[in-house]
Every structure is written in structure tokens, then in C-alpha cells.
Amino acid sequence: MKRKITLLSLLLITFSGWAQQVTILEQREIPEPEEQEEFYYIPGEFAPVAEAWIGKLQSTCTHTKNATLEDIFLSLWETANLLGANAFFIEEYTHAQGNTSVTIAIFYLEEEEVEEMYEFYPTNTIYIFGELKADAKKKGVKVNKEKVEIEPLKYYAYQQPLNEKATVSVGGMFGTKYIRKGEEGQPSVFLTLGGFSAAPAVGGGGSIGVNFSTGSIFPFSDNFGMFLIEILEEE
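Now for a quick tour of the structure. Source: prediction; values computed, not measured. Counting restarts for each chain: residues are numbered from 1 in the order of the written sequence. Given that this is a predicted model, residues contribute local features only at a pLDDT of at least 70 and side-chain atom pairs are listed and counted only at 80 or more, while totals for whole chains, interfaces and linings are drawn from all residues. The basis for every side-chain value is the complete set of non-hydrogen atoms in the structure, without hydrogens or water.

**Some details on the overall build of the protein**
Then, in step 1: By the criteria applied, helices consist of DSSP H or I runs no shorter than four residues and strands consist of E runs no shorter than two, each listed in order from the N terminus. Of the regular secondary structure elements, the protein holds 4 helices and 16 strands.
Then, in step 2: Exposure classes here rest on a 1.4 Å probe applied to the protein chains alone. A residue is buried below 20% of its type maximum, exposed above 50%, and partly exposed in between. Relative to its full complement of 235 residues, the protein shows a buried share of 43%.
Then, in step 3: In what follows, a contact means two residues having at least one pair of non-hydrogen atoms within 4.5 Å. Long-range contacts, defined as pairs at least 24 residues apart, comprise 68% of the intrachain contacts of the protein with a sequence gap of at least 6.
Then, in step 4: Here the Shrake-Rupley method, with its probe set to 1.4 Å, supplies the accessible areas, and only the displayed protein chains count as covering residues. Here the protein displays about 13,100 Å² of accessible surface, and carbon together with sulfur accounts for 51% of that area.

**What about the sheet that holds strand β7 (residues 139–143)?**
Then, in step 1: Spatially, the 4 strands line up as an open sheet ordered β8-β7-β10-β11, and their pairing is antiparallel. Pairing within the sheet leaves two strands with one partner each, and these edge strands are β8 (146–150) and β11 (176–181). Pairs of neighbouring strands in the sheet enclose a mean axial angle of 25°, with direction left out of account.
Then, in step 2: Where β7 and β8 come together, 5 bridges link them in antiparallel fashion. Bridging across to β8, Lys142 finds its partner in Lys147. Paired strands are those between which DSSP finds at least two bridges. As a rule, the C-alpha atoms of each element are fitted with a line to give its axis, helices using only the stretch in contact, and angles between N-to-C directions run from 0 to 180 degrees.

**A short note on the packing of aromatic side chains**
The geometry of an aromatic ring pair is captured by two quantities: the separation of the ring centres and the angle between the planes.
Then, in step 1: Note on aromatic contacts: the rings of Phe and Tyr and the six-membered ring of Trp form a pair at centre separations within 6.5 Å, being stacked when their planes are under 30 degrees apart, edge-to-face when over 60 apart, and tilted otherwise. Scanning all chains against the criterion turns up 19 aromatic pairs.
Then, in step 2: For the pair Tyr40 and Tyr118, a centre-to-centre distance of 6.3 Å together with 85° between the ring planes defines the contact as edge-to-face. Of this pair, Tyr40 sits in strand β2 (residues 40–41) while Tyr118 sits in helix α3 (residues 111–118); the two residues are 78 residues apart in sequence, bridging distant segments of the chain.
Then, in step 3: For Tyr118, a relative accessible area of 33% gives the class partly exposed.

**Examining the sheet that holds strand β9 (residues 154–159)**
Then, in step 1: The sheet built from 5 strands is open, its strands ordered β15-β12-β6-β9-β16 with mixed pairing. Single-partner strands in this sheet number two, and they are β15 (216–220) and β16 (233–234).
Then, in step 2: Strand direction decides the pairing type here: strand β6 (residues 125–129) and strand β12 (residues 189–194), joined by 4 bridges, are parallel. Paired with Phe129 across the strands is Thr192, a residue of β12.

**Remarks on unusual backbone geometry**
Then, in step 1: Even without glycine at this site, Lys145 takes up a positive phi of about 75°.
Then, in step 2: Locating Lys145 in the fold gives a position in the loop between β7 and β8.
Then, in step 3: The phi torsion at Asn163 lies on the positive side, around 70°, for a residue other than glycine.

**Topic: the pairing of β6**
Then, in step 1: In terms of burial, β6 is a largely internal element, 5 of the 5 residues being buried.
Then, in step 2: Across the two faces of β6 the burial is the same, with Thr125, Tyr127 and Phe129 and Ile126 and Ile128 all buried.
Then, in step 3: Note that β6 and β9 share 5 bridges and pair antiparallel. By the bridge assignment, Ile128 is partnered in β9 with Tyr156.

**Digging into α3**
Then, in step 1: Among the residues of α3, those classed as buried are Glu113, Val114 and Met117. Buried residues of α3, viewed axially, fall in a sector of 100°; they line one side. Of the exposed residues in α3, those oriented more than 90 degrees away from the buried face are Glu111 and Glu112.
Then, in step 2: Tucked inside the fold, the buried residues of α3 contact β2. Comment: arc refers to directions from the helix axis out to C-beta atoms.

**Details of the pattern of salt bridges**
Then, in step 1: By definition here, a salt bridge exists when the distance from a side-chain nitrogen of Lys or Arg to a carboxyl oxygen of Asp or Glu is within 4 Å. Within this structure, the stated rule accounts for 4 salt bridges.
Then, in step 2: As a salt-bridge pair, Lys138 and Glu149 come within 3.0 Å of each other at their nearest N and O atoms. You can see Lys138 sitting in the loop between β6 and β7 and its partner Glu149 sitting in strand β8, a full 11 residues away along the chain.
Then, in step 3: Look at the salt bridges and you will find they share partners, linking Glu26, Lys56 and Glu91 into a network.

And the structure:
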């Protein structure tokens, strides 16, 4: 599907689809950009051809419940797709006075280029993120029974040896575990942690009950995970 974007809309754009402003700093002139769906992270080791460049976007996060790094990312993604881009490279980021500002260059990559780019992604690393709000509490997690505490806006990275089983656990006896074995060329994984939860459950004989969990583990997508490890500080 193609969508025509008028010059007026480009001049006035402060995109707010995810309640987060995005400013178009530069843009290649494309009369009818073909809207995209994907948003691949481009690592620094990969150099797209000049013709793939679409433009440059910027957004700022205040690290409140109304403006998180996730909001920035989703807004940049949506805006880039509308302009015909399906990939991004982080050009600059700053942390000042509690705000994070991110500037990205956006590109359109062919499928063959995406496959080539993946060769530069890290493998066999487990990334675990703290809260994405500056005023949140630190999170506790165990990696192979070793306790790790992760401050807000930071992440922990565990490089998994080949053929070794790694266990990430949170919440104790009634919590959650994530287990995987290191394998040659295995993609890295990006995890975030949740707290207490309760959910309905059906027991034997059809009886209704409640399942409790004192901790949960959720995966982030590769593109968001790579975005985060570039702009956040490692524990």
C-alpha cells in the first residue's frame, strides 16, 4: 500500500501516534513513499548503500509514565514506516536533566541486505533490563543462582558459553524461570522483568481458582533490545 504525504504535513509533523513527539530533521524527497511495517536495527559494523537513506528523525523522552523509551521507539518506528523506511541507525543520543534525546537515520533495506546485517548482531548473550523509568525501583534477578540487581535505565548482559545451560529466575518459589542452552550462532535474547500477578485458573473437575506469580519474565523484540543496549548503561 502507498500513502502520499503532503509537504504541509511534513513541515508540521510532530508525530503523536504514541503520545510522543517525533521531529523530521532531514528527508529525501520521495513523491509517494511505500509504507513499511518492519523497523530493523542497523549495527555500526554494517554500512547501508547511500541510496538506502530516507531521512533523519529525533525524539525526546522525559522518563515519566507518559513518555518512556518505549514510547520514543514506537513513535520513531511508526513515523519511519510512513516515510518508507524499514531500518534505522542511531546517530546520536544524549542524557541531560532527566531527559533522553535520540536522533536516528532511517533507511530502506532490501531483504538480502537485512540478512547480511544480521551477521553483525551479538549471539548467545542474555540481556536483562531494569525499569525504563528513572524514578522506578531497581529490580532483582538471579542468573545461574547468582543474584543481580539492575538499576532503572540500565541493563545486565550475560555472555552464555557454548553448550552451557543458563537459568534466569525472578520471584522465588512462585516466580518464573527462563532457561536456554548456548549454541553456535544462537541469536541473543532481550528480557524485561515483571512483578506480582494473579490470573484465573481452571483446576481438576472444572473448579475455578487463581494462579499467583511473584515475578515474571517477558522478551523484548530484537530491534527494541538493540536500541536499548546502545543508549542505556550496562550494570
